[in-house]
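What follows is each chain in one-letter form.
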Amino acid sequence: MLRALSFDGDTAPGATLNRLDRILLATGGNSVTTACLCRFEPAHGGWLMRWSNAGHPPPLVLLPDGQVHFLDAEPGVPLGVDAGLGRPDHTYALAPGSTVVMYTDGVVERHDQPLQHGLDAFAVTAGSLAGEPLEQLCGVLADHYPGDGHDDMAVLVLRVPGEAARDGNRS
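Heads up: these notes are all about the structure in this document. (Residues numbered from 1 in each chain as written. Predicted model: local features only at pLDDT ≥ 70, side-chain atom pairs only at ≥ 80, totals over all residues. Heavy atoms only, no water.)

On to the pattern of salt bridges. Per the stated rule, a full pass over the model turns up four salt bridges. Glu 41 is the salt-bridge partner of Arg 39, the closest N and O atoms lying 2.8 Å from each other. Residue class for Arg 39 comes out buried when judged on its relative accessible area of 19%. Glu 41 sits in the partly exposed class, given a relative accessible area of 22%. With a shortest N-O distance of 3.0 Å, Arg 50 and Glu 41 are connected by a salt bridge. A relative accessible area of 29% means that Arg 50 is categorised as partly exposed. Because the salt bridges share partners, they merge into one network encompassing Arg 39, Glu 41 and Arg 50. (Salt bridge = Lys/Arg side-chain N within 4 Å of Asp/Glu carboxyl O. Buried < 20%, exposed > 50% of the residue type's maximum accessible area, 1.4 Å probe, protein only.)

In structure tokens:
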């Protein structure tokens, strides 16, 4: 459903998530779930990432100069909590060669440790492989995660085209 709502690419990510939330509630959906919707647009020699977050873990950005940071911004409420609250939109300028890592909470969450421990460990692992080919980066993150494996686990990696990308992957 989210793919269909995002098809035209002209609607802000937060508005798309809000629409999805209203549809889910209207069609009998009664579960709570998180989501982060991103759109990438060419801008000023690099790319602009527009995103909205519905209670999902924050995107991780690996910069070509070796810096690693989470895009900590107001996350908004998960889907299924209150469709009337809305979700904020955010933007971030990505330099050529930057890598964006999206992941589910099961990759970083352990029930016996604070979430920040898992986030920090994930960032260290990702940062140590920032310049590697995307297939290797994604494979290591999927195989060597700090989470306890008791929840859903998925990793999605995207590298902005440009000079700093060693492997030429644009996926």
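Below, the discussion takes up the packing of aromatic side chains. Each aromatic ring pair is specified by the distance between its two centres and by the angle formed by the two planes. Scanning the entire structure with this criterion turns up one aromatic pair. On the basis of an interplanar angle of 50° and a centroid distance of 4.7 Å, the ring pair of Tyr 103 and Phe 122 is categorised as tilted. Residue Tyr 103 is located in strand β6 (residues 99–103), and its partner Phe 122 is located in helix α4 (residues 115–128); the two are separated by 19 residues in the primary sequence. With respect to class, Tyr 103 is no different from Phe 122; both count as buried. (Phe/Tyr/Trp six-rings, centres within 6.5 Å; stacked < 30°, edge-to-face > 60°. Helix = DSSP H or I, 4+ residues; strand = E, 2+ residues; numbered from the N terminus.)

Our focus in this paragraph is the nonpolar core. By size, the foremost hydrophobic cluster in this structure holds 18 residues, and its most contacted members are Leu 60, Leu 62, Val 101, Tyr 103, Phe 122, Leu 141 and Val 155. Going through the elements one at a time, β3 (60–62), β6, α3 (105–108), α4, α5 (134–143) and β7 (155–159) are the ones with two or more residues in this core. Take this core: its biggest share by element is four residues, from α4. Residue contacts for Tyr 103: discarding those within four places in its chain leaves His 56, Pro 57, Pro 58, Leu 60, Phe 70, Val 108, Leu 119, Phe 122, Ala 154 and Val 155. Counting eleven residues, the second-largest nonpolar core is a separate cluster that includes Val 61, Leu 94, Val 100 and Met 102. (Core = buried A, V, L, I, M, F, W, Y, C linked by side-chain atoms within 4.5 Å. Contact = heavy atoms within 4.5 Å.)

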